[in-house]
Amino acid sequence: MADQPIYKRILVKLSGEALMGDDAYGINQSTIDRIVGEIAAVAKLGVEIAVVIGGGNIFRGVAPAAAHMDRATADYMGMLATIMNALALQDAMRRQNLVSRVQSALNVEAVVEPYIRGKAMRYLEEGKIVIFAAGTGNPFFTTDTAAALRGMEMSVELVLKATKVDGVYSADPKKDPTATRYKRITFNEAIVKNLGVMDATALTLCRDQRLPINVFSIFDEGALKRVVTGADEGTMVVA
């Protein structure tokens, strides 16, 4: 069957910038609804889905001031931005009749529950979508690294990095018309060539645990579903 998923459990790394649409910062409602629609299409296939959300869309508004801040302070502010995005994502999922839970690596129990691995695993097994907020809960670590870490903790079969570009290219396709998309590359190639798949810490974690990554465009309609059903979509990064 064309719609038969080849993965049972996945993790989607969604950047905060993806939620902006064409806006300068913040959350574009039609964009977040469309992204949730893509996730819903995969959930209907019976695939268990975890999401790690970034905070760049909100933090961008205070970035000029953050340039003069202590790095750890700025990172904690970024983590709080991811919690705001997680709540917005959960609300958008509710409107599309998806049941989701938000877990935060920072303790803000009045708003969302804390990250508890066993509980998150149970939610996934029950068919709920789990949204992980606040990165790893530590400064100096990106949400890419959080995606790799949570992916391993949740025993997912694939990490999907949702971007604005339909894969990893040999050069910037907007600047170089001769740039070609890699269908498949190794972690070592991505690290050595500095292809910008994820940060080096995240790539190394996934490489060492042999956890593949697919880089795809969340703005290509049906792309997420095509990846999950085994189509040639995006770029696969493998050990």
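Residues numbered from 1 in each chain as written. Predicted model: local features only at pLDDT ≥ 70, side-chain atom pairs only at ≥ 80, totals over all residues. Heavy atoms only, no water.

### Looking at the nonpolar core
Side chains that are nonpolar tend, in soluble globular proteins, to be buried together. In terms of nonpolar packing, the biggest core is built from 41 residues, with Ile-10, Leu-14, Ile-49 and Leu-89 touching the most fellow members. Among the secondary structure elements, those contributing two or more residues to this core are strand E1 (9–14), helix H1 (29–43), strand E2 (48–53), helix H4 (71–95), strand E5 (129–133), strand E6 (158–163), helix H9 (223–228) and strand E11 (235–238). Among the nonpolar cores identified, the runner-up in size contains 31 residues, and Leu-11, Leu-124, Ala-148 and Phe-187 belong to it. (Core = buried A, V, L, I, M, F, W, Y, C linked by side-chain atoms within 4.5 Å. Buried < 20%, exposed > 50% of the residue type's maximum accessible area, 1.4 Å probe, protein only. Helix = DSSP H or I, 4+ residues; strand = E, 2+ residues; numbered from the N terminus.)

### Overview of the environment of Ala-133
By secondary structure assignment, the location of Ala-133 is in strand E5. Put simply, Ala-133 and Leu-87 are 46 residues apart on the chain and 9.1 Å apart in space, counted from C-alpha to C-alpha.

### Concerning the layout of surface pockets
Any empty space left between atoms is shown by rolling a water-sized probe over those atoms. Of the pockets and cavities examined, the largest pocket occupies roughly 380 Å³. Asp-75, Gly-78, Phe-141, Thr-142 and Thr-143 are the residues nearest the centre of the largest pocket, which is lined by 24 residues in total. Residue assignment for the lining of the largest pocket shows that the elements contributing at least two residues are helix H2 (56–59), H4 and helix H6 (143–153). Tallying contributions element by element places H4 first for the lining of the largest pocket, with 6 residues. For the lining of the largest pocket, the class distribution of residues is 6 nonpolar, 13 polar and 5 charged. When its volume is computed, the second largest pocket comes out at roughly 310 Å³. Of all the secondary-structure elements, those providing two or more residues to the lining of the second largest pocket are E6 and strand E7 (168–169). Counting residues per element, the lining of the second largest pocket draws most heavily on E6, at 3 residues. Of the residues in the lining of the second largest pocket, the class split is 9 nonpolar, 4 polar and 3 charged. (1 Å grid on protein atoms, 1.4 Å probe; cavity = no way out; pocket = protein on both sides within 12 Å on 5 of 7 lines; lining within 4 Å. Points joined across faces, edges and corners; volume = space filled by probe spheres on them. Nonpolar A, V, L, I, M, F, W, Y, C, P; charged D, E, K, R; others polar.)

### Looking at the sheet that holds strand E3 (residues 100–104)
A sheet is described by the order of its strands in space; here 9 strands give the open sequence E4-E3-E5-E2-E1-E6-E10-E11-E9, paired in mixed fashion. Only two strands of the sheet have a single partner each, and these edge strands are strand E4 (113–114) and strand E9 (184–186). Helix-sheet contacts for H4 involve E1, E2, E3 and E5, and the interaxial angle to E5 is about 160°. Sheet strands touched by H6: E1, E2, E5 and E6. Its angle to E1, the strand with the most contacts, is close to 170°. (Pairing = 2+ DSSP bridges. Contact = heavy atoms within 4.5 Å. Axes fitted to C-alpha atoms, helices over the stretch in contact; angles between N-to-C directions.)

### A few points about unusual backbone geometry
Positioned with a positive phi, Asn-97 is a non-glycine residue whose angle comes to about 60°. Looking at where Asn-97 falls in the secondary structure, it is placed in the loop between H4 and E3. Take Asn-97: its relative accessible area is 70%, and that puts it in the exposed class. Non-glycine residue Asn-194 carries a positive phi angle of around 50°.

### A short note on the side chain of Arg-9
Mapped onto the elements, Arg-9 comes out in strand E1. Classification of Arg-9 by relative accessible area gives buried; the value is 9%. Among the polar contacts listed, one links the side chain of Arg-9 to the side chain of Glu-48, at a separation of 2.7 Å. Residues within four places of Arg-9 in sequence aside, it is in contact with Glu-48, Met-121, Leu-124, Glu-125, Met-154, Ser-155, Val-156, Glu-157 and Leu-158. (Polar contact = N/O pair within 3.5 Å; in protein donor to acceptor, adjacent residues only side chain to side chain.)

### Side note on helix H8 (residues 200–208)
Regarding H8, the residues found buried are Ala-202, Leu-203 and Cys-206. Down the axis of H8, the buried side of the element spans an arc of 95°, and every buried residue falls inside it. Capping the start of H8, Asp-199 holds a side-chain oxygen 2.9 Å from the backbone nitrogen of Thr-201, two or three residues further along. Backbone geometry just after H8 places Arg-210 at a positive phi near 55°. (Arc of directions from axis to C-beta.)

### Overview of H4
Under the 1.5 Å per step criterion, the end-to-end length of H4 is 37 Å for 25 residues, consistent within 8% with the ideal 36 Å. The opening residue of H4 is Asp-70, an N-cap whose side-chain oxygen sits 3.2 Å from the backbone nitrogen of Ala-72. Remark: Asn-97 follows H4 within two positions and exhibits a positive phi of approximately 60°. (Expected span 1.5 Å × (residues − 1).)

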